[in-house]
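Letter by letter, the chains look like this.
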Amino acid sequence: MSVDGAQRLWKSRYGISAALGANNLTARSLQQYGEWVEQELDLLSGFVQEGQTVLEFGGDYGAHTLWLSRAVGDKGAAHVAEPRRIEFQQLCANLALNGLTNVHTHSVWLGRENGAVKPSSELAKDQDERFRGATIDSLGLEALHLLKVNLPGTLVPLLQGADERLRRFRPTVYFRLGTTEQAMAEVKALKDAGYRCWSHLPYLFNPDNYAGNADNLFPGCVHQNVIAAPIESRMEFDRLREI
């Protein structure tokens, strides 16, 4: 419990979660439903396996990191990059609450180069705020099976900083689309890198949610996502529309 009496620790489908307040969609969903966009994980569960290495950009309080940690198991590794200071601290707190030892956190903005980065106005609470930028290649990952990007509109520069890892490991890529112009560039970048792309539209509300809450706080709301797999992997998503 917090000093104002509001509950701040929530039992979720994959462990204990906390947030400084239920003032964004992720925190509200964790508080009310004990989960966050479960349909994203339904899709990923079809191919994420024990022993793999995954990388998530955008922590979302660890809502999906808890599942990724379980999915890859003790022999695997889940890396999560969260550039925002308070969100990063809350992410680390949630991982510690659940005793996860196979998760590695990075307080960086993933992009095309290392160094200071000025974020978009949607992400920066302070106009003068700067993030520490890093490329995926600079993280030195020894394997990469899945790249999950939760921050819309960030994929193209992120891929430009992951050229070596993308060529070497050929990970599956799952990301939230940005604006129309950004989406066109994102899909083109992946196709130019030898990937096939499918549209995925997960609803924010899951009628079969962990808390059994039938009240839909997000009527009609979906994420505009894409799942992309290298052509040589021969992966197919028959129930999704290829784009």
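Predicted model, so just to flag it, every value in this text is computed and none were measured. (Residues numbered from 1 in each chain as written. Predicted model: local features only at pLDDT ≥ 70, side-chain atom pairs only at ≥ 80, totals over all residues. Heavy atoms only, no water.)

A. Looking closely at the side chain of Asn206. Within the secondary structure layout, Asn206 lies in the loop between β11 (195-200) and β12 (225-230). Its relative accessible area of 15% is what places Asn206 among the buried residues. For Asn206, the side chain forms a polar contact with the side chain of Glu35, separated by 2.8 Å. The contacts of Asn206, once residues within four sequence positions are left out, are Arg13, Glu35 and Glu38. (Helix = DSSP H or I, 4+ residues; strand = E, 2+ residues; numbered from the N terminus. Buried < 20%, exposed > 50% of the residue type's maximum accessible area, 1.4 Å probe, protein only. Polar contact = N/O pair within 3.5 Å; in protein donor to acceptor, adjacent residues only side chain to side chain. Contact = heavy atoms within 4.5 Å.)

B. A look at the pairing of strand β10 (residues 172-176). Counting buried positions along β10 yields 5 of 5 residues, so the element is predominantly enclosed. The two faces of β10 match: Thr172, Tyr174 and Arg176 on one face and Val173 and Phe175 on the other face are all buried. Note that strand β9 (residues 146-149) and β10 share 4 bridges and pair parallel. Counterpart to Leu146 in the pairing with β10 is Thr172. Across 4 bridges, the pairing between β10 and β12 is antiparallel. Of the residues in β12, the one forming a bridge with Val173 is Ala228. (Pairing = 2+ DSSP bridges.)

C. Representation of the sheet that holds strand β7 (residues 115-117). A sheet is described by the order of its strands in space; here 3 strands give the open sequence β6-β8-β7, paired in mixed fashion. The sheet is open, and its two edges are formed by β6 (109-110) and β7, each paired on a single side. Relative to strand β8 (residues 131-134), β6 runs parallel, the two being bridged by 2 bridges. Bridge pairing links Trp109 to Gly133 in β8.

D. How the structure looks around the environment of Leu151. Here Leu151 is to be found in the loop between β9 and α5 (155-160). For the pair formed by Leu151 and Arg8, sequence separation is 143 residues and the distance between their alpha carbons is 24 Å.

E. Structural detail: unusual backbone geometry. The backbone of Val37 shows a phi angle near 45°, a positive value even though the residue is not glycine. With respect to the element layout, Val37 can be found in the loop between α1 (25-33) and α2 (38-44). Positioned with a positive phi, Asp60 is a non-glycine residue whose angle comes to about 45°. Tracing the backbone shows Asp60 in the loop between β3 (53-57) and α3 (65-72). By relative accessible area, which is 14% here, Asp60 ends up buried.

F. Representation of the nonpolar core in the model. In terms of nonpolar packing, the biggest core is built from 30 residues, with Leu55, Phe57, Leu110, Leu147, Leu158, Val173 and Leu190 touching the most fellow members. Here this core takes 3 residues from α5, the largest share from any one element. Apart from residues no more than four positions distant in its own chain, Leu190 is found in contact with Leu155, Leu159, Val173, Phe175, Tyr195, Cys197 and Ala228. Counting 24 residues, the second-largest nonpolar core is a separate cluster that includes Val48, Leu91, Leu95 and Leu146. (Core = buried A, V, L, I, M, F, W, Y, C linked by side-chain atoms within 4.5 Å.)

G. Quick peek at the packing of aromatic side chains. What the rule picks out here adds up to 6 aromatic pairs. Relative to Trp109, the ring of Phe57 has its centre 5.4 Å away and its plane inclined at 90°; by these criteria the two rings are edge-to-face. Pair noted here: Phe57 is in strand β3 and Trp109 is in strand β6, with a separation of 52 residues, a long-range link. The interplanar angle of 65° and the centroid separation of 5.0 Å between the aromatic rings of Trp198 and Phe237 together place this pair among those described as edge-to-face. Highlighted residues: Trp198 in strand β11 and Phe237 in the loop between β12 and β13 (241-242), separated in sequence by 39 residues. (Phe/Tyr/Trp six-rings, centres within 6.5 Å; stacked < 30°, edge-to-face > 60°.)

H. Representation of α1 in the model. Listing the buried residues of α1 in full gives Thr26, Ala27, Ser29, Leu30 and Tyr33. Looking at the packing, one finds that the buried side of α1 touches β1 (9-12) and β2 (15-18). The N-terminus of α1 is capped by Asn24, whose side-chain oxygen sits 3.2 Å from the backbone nitrogen of Thr26. Looking at the residues trailing α1, positive phi occurs at Gly34, about 70°.

I. Broad picture of the sheet that holds β12. Here 8 strands make up an open sheet; going across it, the order is β5-β4-β3-β9-β10-β12-β11-β13 and the pairing mixed. Single-partner strands in this sheet number two, and they are β5 (103-106) and β13. Bridge count between strand β4 (residues 77-81) and β5: 4 bridges; the pairing is parallel. Bridge pairing in β5 places Val80 opposite Thr105. Set on the sheet, helix α4 (residues 85-97) makes contact with β4 and β5; between it and β5 the angle comes to about 165°. (Axes fitted to C-alpha atoms, helices over the stretch in contact; angles between N-to-C directions.)

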